[in-house]
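# Topology and contacts: notes
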Amino acid sequence: MTWEELEAQCKSCEKCELCKTRTNCVFGCGNKNADLMFIGEAPGENEDLTGTPFVGRAGKLFDKYLEAVGIAREDVYIANMLKCRPPKNRDPLPSEQDMCIEYLRDQIRLIKPKMIVCLGRISAMRLIDPNFKILKEHGKWYKKGNFEMTAVYHPSLLLRDPHKKEGMLTDMKMIKARLDELTGQT
Ligand code: URA
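So, how was this worked out
- Residues numbered from 1 in each chain as written.
- Predicted model: local features only at pLDDT ≥ 70, side-chain atom pairs only at ≥ 80, totals over all residues.
- Heavy atoms only, no water.
- Phe/Tyr/Trp six-rings, centres within 6.5 Å; stacked < 30°, edge-to-face > 60°.
- Lys NZ or Arg CZ within 6 Å of the ring centre and 35° of its normal.
- Helix = DSSP H or I, 4+ residues; strand = E, 2+ residues; numbered from the N terminus.
- Buried < 20%, exposed > 50% of the residue type's maximum accessible area, 1.4 Å probe, protein only.
- Contact = heavy atoms within 4.5 Å.
- Near = heavy atom within 4 Å.
- Polar contact = N/O pair within 3.5 Å; in protein donor to acceptor, adjacent residues only side chain to side chain.
- Areas by Shrake-Rupley, 256 points an atom, 1.4 Å probe, with all protein chains shown as cover.
- Nonpolar A, V, L, I, M, F, W, Y, C, P; charged D, E, K, R; others polar.
- Pairing = 2+ DSSP bridges.
- Axes fitted to C-alpha atoms, helices over the stretch in contact; angles between N-to-C directions.

### Here's the deal with the packing of aromatic side chains
One pass over the structure, following the stated rule, counts 5 aromatic pairs. Each ring, one from Phe-54 and one from Phe-62, has its centre 5.8 Å from the other, and the planes form 50°; the classification is tilted. Through successive ring pairs, a cluster of aromatic residues spans Trp-3, Phe-27 and Tyr-77. When the ring centre of Tyr-153 is taken as reference, the NZ or CZ atom of Lys-164 above it lies at 6.0 Å.

Listed below in structure tokens is the structure:
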């Protein structure tokens, strides 16, 4: 399947009820040849309205971390576990994740990143370990198939709990350092 076919399929998806309330399907954005992929939870209101992930308050905060550690947003690929917004931003249901995850798996297969970073516990629990504890295990590395994975705090958690910002910066610096090693840019 080509990228264009996958995107078209995803944008016309009616596998779950979320298609009825979406304004836009938020497929993902960035570099389709990225070495680094970030995976969030699900679109919020601004993402649903624009069709682009991480453009609301949490997204703007996330951009600051990318900038602080010298990662250009256009060099990475950013996607979510769910492509459609859950009503009132509730947590994605396991059934919605089950229906949507194949789109994400296909995106990963086509992009072939060297590194995947989960943004928050929902994607970490689905992609790294069902028992993942974000407070204890953020910033730890896991080798999965052809890529390395880690998880960091979700930017909306940082909006609610600014004390976690320092830990986020430490993790993001470590991610950039590892990325440079993996891509031979040390
Ligand atoms: N939170 C997410 O997990 N994803 C977005 O795209 C926006 C907010």
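### Topic: the environment of Met-125
Within the secondary structure, Met-125 is located in helix α5 (residues 121-127). Judged by relative accessible area, which is 31%, Met-125 ranks as partly exposed. A C-alpha to C-alpha distance of 14 Å links Met-125 and Lys-144, two positions 19 residues apart in sequence. Here Met-125 is in contact with Pro-130 and Phe-132, once residues within four sequence places are set aside.

### Thoughts on the site of the ligand
Contacts to the ligand come from Gly-40, Glu-41, Ala-42, Glu-47, Pro-53, Phe-54, Asn-80 and His-154. Taking Phe-54, its main chain carries an N or O atom lying 3.0 Å from an oxygen atom of the ligand. Between a nitrogen atom of the ligand and a side-chain N or O atom of Asn-80, the distance comes to 2.8 Å. A total of 230 Å² of accessible area belongs to the ligand in isolation, and the protein chains cover 92% of it. Considered class by class, the residues forming the shell around the ligand number 3 nonpolar, 3 polar and 2 charged.

### Concerning the sheet that holds strand β2 (residues 36-40)
Ordered in space as β1-β3-β2-β4-β6-β5, the 6 strands form an open sheet in which the pairing is mixed. A strand with exactly one partner marks an edge of an open sheet, and here the two such strands are β1 (29-30) and β5 (142-144). Relative to strand β3 (residues 77-80), β2 runs parallel, the two being bridged by 4 bridges. Considered in β3, the bridge of Gly-40 is made with Asn-80. Helix α4 (residues 94-111) rests against β2, β3, β4 (115-119) and β6 (147-152) of the sheet, and its axis sits at about 170° to β2.

### Brief notes about the pairing of β6
Taken across its 6 residues, β6 has 6 buried, putting it largely inside the fold. The alternating pattern of β6 places Phe-147, Met-149 and Ala-151 and Glu-148, Thr-150 and Val-152 on opposite faces, both of which are buried. Pairing analysis gives 5 bridges linking β4 to β6, with the strands arranged parallel. Bridge assignment links Ile-116 to a residue of β6, and that residue is Met-149. From the end of β5 to the start of β6, which pair antiparallel, there are 2 residues, and Gly-145 there has a positive phi angle of about 55°.

Functional significance is not addressed by these values, which are geometric in nature.
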